[in-house]
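Close look at the chain arrangement
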Amino acid sequence: MCLSLYFLFALCFSPLSSLTLQMTSDCSQTSCADVFSQTIAQCHTTTESCTIHFAPGRYPFTASKLYGASAVIQDLSNITITGYNAEMVMQNLQSGFTITTSTHVTITGLTIDMARIPFSLGIVTSIVNQTVAFSIDTKRYPFYSGDQWSWLLNVQAIIEFNMTTHRPQVRGFESYNSFKAQFNPRDDTYSFSTTFASRLKKGSAYILRHHVYGLDAFTGSEVHGLTLQDVTVYTSPGMGVFCHYCSDILLQRVYFVKKRESSWTRPMSLTADACHFFSTTGFIEILDSVFEGQGDDGLNVHGHYQEIESLINDHRVIIGKNQVGGKPEPRPGDTIEFRSRSTLQPYFTTTLSSVHGSLIEFADQLPKAARLYDLVVSLTLKPSHVFIHNCTYKDNRARGQLLKSDNITVVNNTYDHPTGACIQVLPDGCYWYESTVVRNWTVMGNRFIGCNYAQAKTIADVFVSECVPTWKGLLDCCSSPSVILSLSMSLGLCACLCFCPSVCLSICLP
């Protein structure tokens, strides 16, 4: 009897080996975010795998707080989320999926959008002194009052837009200054005061981004094995996919695109980069995907330089805290390379033994060549390889791709009117501190159309250089030809390839 009860208890309370769960769109009657949270919690009861199916439908997600996450996946393994013909619609200023400390996460079929998109298109109707007014189509860009909608009065960035080409304006105006606007419901206008009002043009169109960075459709941290397939992202108040300290990333048939409504097409998709991967390991593979109309780069792959702010002793330094865009912490056990700040040439490699905030200690004695303001970079936190095939990058602000890592292969892609370079390699020891110099970098069979016509433009379709200081009080981002590069190219059509400071090759193939 006791033995039978034991087996019954074990059957009822032992973890399941796999689990399949269902989400249905009737959760809109309560809260889809809460229902997803309760559903994903059940995945912790499995020992092998868990699958959550979104049935076809529209799923409004309201985060628990403004700037919060719509859906959280944490401390899980072998998770699959499917959602063909299912649309996750963020109801306010919030991010989409936040995925942390998890392994083998696969998301397929879902579409991501927002109920009120994080930008507005305005036509300048008046410029009086330093005050500019923009007429807004409130059917497309509605204005709501209340504390939860106060972000609609923020204008964090403005860019001039061509209504005919449906791209950023050639040599158009932009600003990343932040303004607090006023909205007048009597004539549906935004207005704010600025010193650059005279540089705007009455009758011209401008995209007003109410929020630019930080609230991404997919955010990954410590995710090992992330796959996105057949996913569409129309917008998010930030990036499409942002990952750090992740490994083994696959994007296949992922579409970051401007939504085509019944009578109009949105002027922008995401307010920032489509994909941004830094301090990642393992592979990054991006296949058969589209990057369209976002407010910043299509793809950025890089590590981070750390500036030496103080040499404490022959094993310890204090690294800088002034890097733009955040500073990932180095980790004990990482292989660390020292580079001259003036030339980016390497001169010492060691192992990081301990980290105490910005104070870091190395296993080996530092060489006498170590200097204040030199750069250290983790060689551990780099992808093993990056492979990008059969993708389209089009009509976005800034670059098609920023690629700053080793073993990169870029094959059979189309770059169609990014405002900056189609492909750029710019290890940066000046401003963004995005590392590092590259080796084994291959570009083959790509097509370049209309690069470098507005913001972030350079002198070449494929621009290869580095950014080091001149130490003259200003930072000159083109001062020394020290990029380490192994490059093979087979370019479709015509392209210009430049190695800064002064060597350019014009390549034309049938």
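Below or above, wherever it landed, is the structure these notes cover. (Residues numbered from 1 in each chain as written. Predicted model: local features only at pLDDT ≥ 70, side-chain atom pairs only at ≥ 80, totals over all residues. Heavy atoms only, no water.)

1. Overview of the nonpolar core
- If you look at the biggest cluster of nonpolar residues, it comprises 71 residues, and the most contacted ones within it are Phe36, Phe97 and Phe277.
- In terms of residue count, strand E19 (residues 218-233) provides more of this core than any other element does, six residues in total.
- Those residues in contact with Phe36 that sit more than four places away from it in its chain are Met23, Ile52, Phe54, Phe61, Ala71, Val72, Ile73, Ile81 and Phe97.
- Counting residues in hydrophobic clusters, the runner-up holds 31 residues, among them Val132, Leu152, Ile159 and Leu215. (Core = buried A, V, L, I, M, F, W, Y, C linked by side-chain atoms within 4.5 Å. Buried < 20%, exposed > 50% of the residue type's maximum accessible area, 1.4 Å probe, protein only. Helix = DSSP H or I, 4+ residues; strand = E, 2+ residues; numbered from the N terminus. Contact = heavy atoms within 4.5 Å.)

2. Section: the pairing of strand E25 (residues 299-304)
- Burial analysis of E25 places six of its six residues in the buried class, which makes it a mostly covered element.
- Side chains Leu299, Val301 and Gly303 project from E25 onto one buried face, and the interleaved Asn300, His302 and His304 project onto a second face that is buried too.
- Examined bridge by bridge, strand E22 (residues 275-278) and E25 share four bridges and lie parallel to one another. Each bridged residue has a counterpart across the sheet, and for Phe278 the counterpart in E25 is His302.
- Relative to strand E34 (residues 401-403), E25 is paired through three bridges, and the arrangement is parallel. Within E34, the position partnered with Val301 by the bridge is Leu403.
- Where E25 and strand E38 (residues 434-435) come together, two bridges link them in antiparallel fashion. The partner of His304 across the bridge, within E38, is Glu434. (Pairing = 2+ DSSP bridges.)

3. Describing the pairing of strand E7 (residues 95-108)
- The pairing of strand E4 (residues 69-74) with E7 spans five bridges and is classified as parallel. Bridge pairing in E7 links Ala71 to Phe97.
- As defined by bridge partners, E7 adjoins E19 across ten bridges and the pair is classed as parallel. Within the sheet, the bridge partner assigned to Thr100 lies in E19 and is Ser221.

4. Some details on the packing of aromatic side chains
- Enumeration over the complete set of coordinates arrives at 25 aromatic pairs.
- Taking 5.6 Å as the distance between ring centres and 5° as the angle between the ring planes, the aromatic pair formed by Phe97 and Phe218 counts as stacked. Within this pair, whereas Phe97 is found in strand E7, its partner Phe218 is found in strand E19, the two being separated by 121 residues in sequence. Just as Phe97 is buried, Phe218 falls in that class too.
- With a centroid separation of 4.2 Å and an interplanar angle of 15°, the aromatic rings of Phe143 and Phe183 are classed as stacked. Taken together, the positions of Phe143 in the loop between strand E10 (131-136) and strand E11 (154-155) and Phe183 in strand E16 (residues 182-184) put the pair 40 residues apart, joining distant regions of the chain.
- Given the relative accessible area of 26%, Phe143 is considered partly exposed.
- Ring-pair connections join several aromatic residues into one group, and the members of that group are Phe36, Phe54, Tyr59, Phe61, Phe97 and Phe218.
- Positioned over the ring face of Tyr245 is Arg331, at 3.6 Å from the centre of the ring. (Phe/Tyr/Trp six-rings, centres within 6.5 Å; stacked < 30°, edge-to-face > 60°. Lys NZ or Arg CZ within 6 Å of the ring centre and 35° of its normal.)

5. Considerations on the sheet that holds strand E29 (residues 346-356)
- Spatially, E26-E27-E30-E29-E28-E31 is the arrangement adopted by the six strands of the closed barrel, whose pairing is antiparallel. Pairs of neighbouring strands in the sheet enclose a mean axial angle of 45°, with direction left out of account.
- Where strand E27 (residues 316-319) and strand E30 (residues 359-362) come together, three bridges link them in antiparallel fashion. Pairing of Ile318 across the sheet is with Leu359, part of E30. (Axes fitted to C-alpha atoms, helices over the stretch in contact; angles between N-to-C directions.)

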